[in-house]
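Here's the letter readout for the chains.
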Amino acid sequence: MIGQRQGIIVWLYSLKQAKMLRRFGNVHYVSRKLKYVVLYCNQDDTEALIRKISSYSFVKKVEPSYKPFLKMEFENAAPDKAKEYDYKMGI
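Residues numbered from 1 in each chain as written. Predicted model: local features only at pLDDT ≥ 70, side-chain atom pairs only at ≥ 80, totals over all residues. Heavy atoms only, no water.

Colleague: What should I look at first to understand the overall build of the protein in this one?
Modeller: When you go through the protein residue by residue, the secondary structure sums to two helices and four strands. Secondary structure of the protein in N-to-C order comes out as β-β-β-α-β-α. The buried share of the protein, reckoned over its 91 residues, is 25%. Pairs at least 24 apart in sequence give 65% of the contacts found in the protein among residues at least 6 apart. (Helix = DSSP H or I, 4+ residues; strand = E, 2+ residues; numbered from the N terminus. Buried < 20%, exposed > 50% of the residue type's maximum accessible area, 1.4 Å probe, protein only. Contact = heavy atoms within 4.5 Å.)

As structure tokens, this is what we get:
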């Protein structure tokens, strides 16, 4: 049912209109202190939604999340031997 999702970060001048962003996708988080909203939508609709949301007067800036494009398999992720010894000792 749910395809590929991508996050959009919407920076606002005021949080009064944060509820209105629910019609564009799933509102995941609202930061009251920094005045931004994290919104999830379908990855195919991301570009169109960014253009549409940024046209509103209460929106300061719109940024897409790049997490779907990052490689999540890490190489040489072996732990440090000294830390591994400390964990076994219970320190």
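Now that the structure has been shown, we can carry on.
Colleague: I'm lost on the sheet that holds strand β4 (residues 59–64) in this one. Help?
Modeller: Remark on secondary structure: sheet strands pair via backbone hydrogen bonds, oriented parallel or antiparallel. Across the sheet, four strands lie side by side as β2-β3-β1-β4; this open sheet has antiparallel pairing. Looking at which strands have only one partner, the edges of the open sheet turn out to be β2 (26–31) and β4. Along the sheet, successive strands turn relative to each other by an average axial angle of 20°, direction set aside. Sheet analysis places β2 next to strand β3 (residues 36–42), joined by five bridges and oriented antiparallel. Across the sheet, the residue bridging to N26 is Y40, located in β3. (Pairing = 2+ DSSP bridges. Axes fitted to C-alpha atoms, helices over the stretch in contact; angles between N-to-C directions.)

Colleague: Help me understand the pairing of β3, please; the structure alone is not making it clear to me.
Modeller: Side-chain positions along a regular strand alternate between the two faces of the sheet. β3 sits mainly inside the fold: five of its seven residues count as buried. Alignment of strand β1 (residues 5–12) against β3, held across seven bridges, turns out to be antiparallel. When the bridges of β3 are listed, V10 appears paired with V37. Between β2 and β3, which pair antiparallel and follow one another directly, the connecting turn spans four residues, one of which, K35, has a positive phi of 60°.

Colleague: Sorry, what's going on with the packing of aromatic side chains here?
Modeller: Aromatic ring pairs are reported here in terms of the distance separating the ring centres and the angle at which the planes meet. Applying the stated criterion across every chain yields a total of four aromatic pairs. Judged by centre distance (6.1 Å) and plane angle (55°), the ring pair of F24 and Y56 falls under tilted. Of this pair, F24 sits in the loop between β1 and β2 while Y56 sits in the loop between α1 (46–54) and β4; the two residues are 32 residues apart in sequence, bridging distant segments of the chain. Judged by relative accessible area, F24 falls into the buried class, the value being 11%. Judged by relative accessible area, which is 21%, Y56 ranks as partly exposed. The interplanar angle of 20° and the centroid separation of 5.4 Å between the aromatic rings of Y56 and F58 together place this pair among those described as stacked. Aromatic rings pair up to connect W11, Y29 and Y36 into one cluster. (Phe/Tyr/Trp six-rings, centres within 6.5 Å; stacked < 30°, edge-to-face > 60°.)

Colleague: Would you mind going over α1 with me for this structure?
Modeller: Side chains of residues three or four places apart in an α-helix project in the same direction, reflecting 3.6 residues per turn. Here α1 has its buried residues at T46, L49, I50 and I53. Burial along α1 is one-sided: seen end-on, the buried residues are contained in an arc of 105°. Along α1, exposed side chains directed more than 90 degrees from the buried face belong to E47 and R51. (Arc of directions from axis to C-beta.)

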